[in-house]
Amino acid sequence: MTVYGNFPGSRPRRLRTTPAMRRMVAETRLDAANLILPAFVREGVDAPVAISAMPGVQQHTLDTLRKAAVEAVSAGVSGIMLFGVPEDEKKDARGTAGTDPDGILQVALRAVRQEVGDDLVIMSDLCLDEYTDHGHCGVLTEDGRVDNDATLERYAEMAQVQADAGAHVVGPSGMMDGQVGVVRDALDQTGHEDVSILAYTVKYSSAFYGPFREAVGSSLMGDRKTYQQDPANARESLRELALDLEEGADMVMVKPAGPYLDILAKVADSVDVPVAAYQISGEYSMIEAAAEKGWIDREAAILESLTGIRRAGAQMILTYWATEVAQRLGRA
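Since this is a predicted model, take the numbers as computed values, not measurements. (Residues numbered from 1 in each chain as written. Predicted model: local features only at pLDDT ≥ 70, side-chain atom pairs only at ≥ 80, totals over all residues. Heavy atoms only, no water.)

Colleague: So what exactly am I meant to see when it comes to the overall build of the protein here?
Modeller: Assigned secondary structure in the protein consists of 11 helices and 10 strands. In terms of overall dimensions, the protein is globule-like: its C-alpha atoms have a radius of gyration of 21 Å, near the 20 Å expected for 332 residues. Each of the three principal axes of the protein carries a C-alpha extent, and together these read 80 × 45 × 40 Å. In the protein, which comprises 332 residues, the proportion classed as buried is 50%. Entry remark: accessible area of the protein is about 15400 Å², with carbon and sulfur atoms responsible for 49%. Averaging the locations of the 32 positively and 50 negatively charged side chains of the protein gives two centres separated by 11 Å. (Helix = DSSP H or I, 4+ residues; strand = E, 2+ residues; numbered from the N terminus. Rg over C-alpha atoms; globule rule 2.2 N^0.38 Å. Buried < 20%, exposed > 50% of the residue type's maximum accessible area, 1.4 Å probe, protein only. Areas by Shrake-Rupley, 256 points an atom, 1.4 Å probe, with all protein chains shown as cover. Lys, Arg positive; Asp, Glu negative; His and termini not counted. Charge placed at Lys NZ, Arg CZ, Asp CG, Glu CD.)

Colleague: How should the nonpolar core be read in this particular structure?
Modeller: The nonpolar side chains of a soluble globular protein tend to be buried, and buried together. Judged by nonpolar contacts, the single largest core of 94 residues is most densely connected at Ile80, Leu82 and Tyr155. Residues within four places of Leu82 in sequence aside, it is in contact with Ala39, Leu65, Leu105, Ala108, Leu109, Val112, Ile122, Met123, Ser124 and Asp125. (Core = buried A, V, L, I, M, F, W, Y, C linked by side-chain atoms within 4.5 Å. Contact = heavy atoms within 4.5 Å.)

Colleague: Sorry if this is basic, but what is going on with helix α4 (residues 148-165) here?
Modeller: Counting along an α-helix, one turn takes 3.6 residues, and residues three or four places apart therefore face a common direction. The end-to-end C-alpha distance of α4 is 26 Å, a good match for the 26 Å that 18 residues give at a rise of 1.5 Å each. For α4, the full list of buried residues reads Asn148, Thr151, Leu152, Arg154, Tyr155, Ala156, Met158, Ala159, Val161, Gln162, Ala163 and Ala165. Along its buried surface, α4 packs onto α3 (104-116), β5 (121-126), β6 (169-172) and α5 (179-189). Here α4 starts with a cap whose side-chain oxygen sits 3.3 Å from the backbone nitrogen of Asp149, and that cap is Asp147. Immediately beyond the C-terminal end of α4, within one or two residues, lies Gly166, with a positive phi of roughly 120°. (Expected span 1.5 Å × (residues − 1). Polar contact = N/O pair within 3.5 Å; in protein donor to acceptor, adjacent residues only side chain to side chain.)

Shown next as structure tokens:
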């Protein structure tokens, strides 16, 4: 062919020629230290219970939870976020199992803290939905609405018992107005000034939560659209962010991750605190289901999805693949 001068003068493909070259010039790096493992622990079972909608994920016993925590430490995972699944008969309108020092989440926090100490950042989901018989994230008024301020009183109690049980970090996730400030005050007033708050700052009312409902044995009646955010809104997220920071959030989170990368990028560009994103159950299950059908390369899709979340600005990613991916990165 005829070459005209130096055309093309710029050849970006030169930096894609070999795996070593691509690795050297990569702008985004995924590391085991970026990963947090969400884990479910179920009361009253003597063997793990598979979650049918989330292949490969299970509701742990205390013993298998301890093992999962040790495995996460060995792989280099930074944290574990614990969700309790109480026995159905212990659910009630106020979610009292969530503030019982001997409730399943508090027992699990003590067990994991005893097993791994400070080698893993132990986080606890601070919300009532797993413990209420109606499945909402707060207490209800007589006409069935979630009572924001009455719920905050319950969150204050939850923060105290979770911190007492050994949580390094609490994650208020109910999207109640004022939740971060109330939790911060509750922790400080009970001598837990060093316990951090990972605020679920941006939490959308998403269709992708479906498999999670099975994972926590949800009793939800209705929906959560009056307190979780509308997927159509973006500016609202920055308002929530400003409020959480003003109230004392140490870290902030966007949830879900994949469908809201634009929001994640806005949040990451706006703050000087660590930013997390939660790759939720529906995101996990879609990839697993497509891979099981042979429609996509499972390992490549997992890494691509996580790299995209990292590239958008997340320093920490909650993902059900945390330990698996950390082990793979360690072998790379």
